[in-house]
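Take a look at the letters that make up each chain.
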Amino acid sequence: MLRSFFPIFLGALLFFVLVLCLTDLFMNLWNYISKGVPSKEVGLILLYYVPKTVWYSIPIAMLFATAYMLSDFYARNELLAIFASGISLFRFTVPLLFIAVGMSFVMFFFEDFVVVPTYTKKVHMQDSVLQKEKSLNNDRIVIMSDEGKIIYKADFYDDSVKRLYTVYFIIRDDEKNLRALIYSDNASWSDDKWKLSNPVEYKKSEEGIVMVELENELLDLFVEPPETFRNNTISVEEVNTKQAREYIEHLEKAGLPSAEEKSVYYKKFSFPFVVFIVVFLAIGLSGKTRKNVLIVSLALSITAVVLFYVTQMITMLMAKFQTIPPLFGAWFPVMLFIIISSILLKYAKT
């Protein structure tokens, strides 16, 4: 079985990788030509893209190889000999299921340590040669820090000099009552804290908000790093799990919504198991007909996988809008289709 499986899997993997690479090349070919990008740099961009295409192609190649191999065995009546000797379909395909589980873990670590850094290089290099670099400057900023006890409000942040302009610092106590408000024309990052230019402090009194003498010890509280103020909203899908976790912690610390980012973060752990699911589904759906075995098995398997992706898309949207918990949104489709695959395998021809 494995001697039949691996040549088909590797052939399908190479085919899908080639298709994805060519698609990316042709989508950007005119831009490369118009910008006069050297062929060496285009080749390097495609090389950095290869790990991402491998990551995309593994589930499809596993599905195709499993469905093709089992359908071929059914079509040539080879499985009849297996079943007649007392070996069930499940027992016969157990090695393949173990390979699928192992491949799922490989997919996770491959994405975290190889796909993310190489794809980041690909995107940055592509943006650079096509002159699409993104500015890190930001405007109309409101950031919460220290569990909401400190609020930064600024009109503009200039990343080249790490400076905030027209900035207010709102300091609150543990009960979130106003403790003080400090205004400054601008603030510059130096010695791991913000240095204020001509700061003015205001406090609440019976007469309203009044100007008071500046408390210098308050100036030591403004230590939120400049990276927080950049126009650099991170896509959790494009960073590794460590960076994604740090970004989510930053959102929670700042009091910003993080449900969507959490669901995508949990999806990083659940999605690699799509490899196990496609193999499980292909085994359970194989041999459902005696005619056109290969075509019917592939069609049923692809339909089932499309339903998996649609279910995952729906649960991820529900998690984004906080209808369901992020952890549930990421893992529910995996658990559901493992159950469905088990039922299909139980009633498969054996």
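Conventions and cut-offs
- Residues numbered from 1 in each chain as written.
- Predicted model: local features only at pLDDT ≥ 70, side-chain atom pairs only at ≥ 80, totals over all residues.
- Heavy atoms only, no water.
- Helix = DSSP H or I, 4+ residues; strand = E, 2+ residues; numbered from the N terminus.
- Contact = heavy atoms within 4.5 Å.
- Salt bridge = Lys/Arg side-chain N within 4 Å of Asp/Glu carboxyl O.
- Buried < 20%, exposed > 50% of the residue type's maximum accessible area, 1.4 Å probe, protein only.
- Pairing = 2+ DSSP bridges.
- Core = buried A, V, L, I, M, F, W, Y, C linked by side-chain atoms within 4.5 Å.
- Axes fitted to C-alpha atoms, helices over the stretch in contact; angles between N-to-C directions.
- Parallel < 35°, antiparallel > 145°, perpendicular 65-115°, else oblique.
- Left-handed = near helix turned anticlockwise from the far one by under 90°.
- Phe/Tyr/Trp six-rings, centres within 6.5 Å; stacked < 30°, edge-to-face > 60°.
- Nonpolar A, V, L, I, M, F, W, Y, C, P; charged D, E, K, R; others polar.

Asks: What is the right way to look at the side chain of Q312 in this model?
Replies: Counting through the fold element by element, Q312 comes out in helix α8 (residues 293-320). The residues contacting Q312, other than those within four sequence positions of it, are K267, F271, A330 and P333.

Asks: Just to check I follow, could you spell out the pattern of salt bridges for this structure?
Replies: Per the stated rule, a full pass over the model turns up nine salt bridges. As a salt-bridge pair, K195 and D191 come within 3.4 Å of each other at their nearest N and O atoms. According to the relative accessible area criterion, K195 is partly exposed, its value standing at 35%. Using a relative accessible area of 64% as the deciding quantity, one classes D191 as exposed. As a salt-bridge pair, E215 and K203 come within 2.9 Å of each other at their nearest N and O atoms. Here K203 lies in strand β6 (residues 200-205) and E215 lies in the loop between β7 (208-212) and α5 (241-253), a separation of twelve residues in the sequence. For K203, a relative accessible area of 27% translates into the label partly exposed. Among the charged side chains, a salt-bridge network with shared partners connects D72, R76 and E78.

Asks: How should I be thinking about the pairing of strand β4 (residues 178-190) in this particular structure?
Replies: Look at any regular strand and the pattern is simple: side chains alternate between the two faces of the sheet. Where strand β3 (residues 163-172) and β4 come together, nine bridges link them in antiparallel fashion. When the bridges of β4 are listed, F169 appears paired with I182. The antiparallel hairpin formed by β3 and β4 contains five residues in its connecting segment, where K176 sits at a positive phi of about 65 degrees. Of the strand pairs in this sheet, β4 and β6 are connected by three bridges, and their pairing is antiparallel. Within β6, the position partnered with Y183 by the bridge is V200. Bridge analysis of β4 against strand β5 (residues 193-197) gives five bridges, and the strand direction is antiparallel. By the bridge assignment for β5, A187 is matched with L196. Counting the residues between successive antiparallel strands, the hairpin from β4 to β5 contains two residues, one of them, D191, with a positive phi of roughly 55 degrees.

Asks: I keep staring at the nonpolar core and nothing clicks. Help me out?
Replies: It is characteristic of soluble globular proteins that their nonpolar side chains tend to be buried jointly. Within the largest apolar cluster, 51 residues are counted, with the highest numbers of intra-cluster contacts made by F9, I58, M62, V279 and I283. Secondary-structure elements contributing two or more residues to this core are α1 (2-35), α2 (39-75), α3 (78-84), α4 (89-129), α7 (274-285), α8 and α9 (326-346). Among the elements that make up this core, the one with the highest residue count is α2 (13 residues). Not counting residues within four places of it along the chain, the set of residues in contact with I283 comprises T66, L70, L89, T93, L96, L97 and L345. In terms of nonpolar packing, the next biggest core, distinct from the first, is built from 19 residues, V167, I171, A180 and L219 among them.

Asks: Just checking my understanding: could you explain the packing of α2 against α4 for this structure?
Replies: Think of two packed helices as two axes; the pair is described by the angle between the axes and how far apart they sit. Their axes nearest at 7 Å, the elements α2 and α4 cross at an angle of 160 degrees. Considered as vectors, α2 and α4 are oriented roughly antiparallel to each other. Judged by the sense of rotation from one axis to the other, the crossing of α2 with α4 is left-handed.

Asks: Explanation requested: the environment of E175 in the structure shown.
Replies: Its place among the elements puts E175 in the loop between β3 and β4. A residue is classified by how much of its surface remains accessible, and E175, at 59% relative accessible area, is exposed. The sequence separation of E175 and I295 amounts to 120 residues, and the corresponding C-alpha distance is 66 Å.

Asks: Before we go on, may I ask you to explain the packing of aromatic side chains in this structure?
Replies: What describes a pair of aromatic rings is the distance from one ring centre to the other and the angle between the planes of the rings. Considering all chains together, one arrives at 30 aromatic pairs under this definition. Seen in terms of ring centroids, F5 and F6 are 5.3 Å apart; in terms of plane orientation they differ by 75 degrees. Their pairing is edge-to-face. Overall, F5 belongs to the buried group, its relative accessible area being 0%. Judged by its relative accessible area of 33%, F6 falls in the partly exposed class. Ring geometry for Y152 versus F169: centroids 5.5 Å apart, planes at 75 degrees, classification edge-to-face.

Asks: Mind showing me how you'd approach the packing of α1 against α2 here?
Replies: Packing of α1 against α2 leaves a shortest axis separation of 5 Å and a crossing angle of 145 degrees. For the pair α1 and α2, the sense of crossing is right-handed. Here the contact of α1 with α2 is composed, by residue class, of 27 nonpolar, four polar and one charged.

So, to be careful, I would describe these as geometric facts and stop short of saying anything about function.
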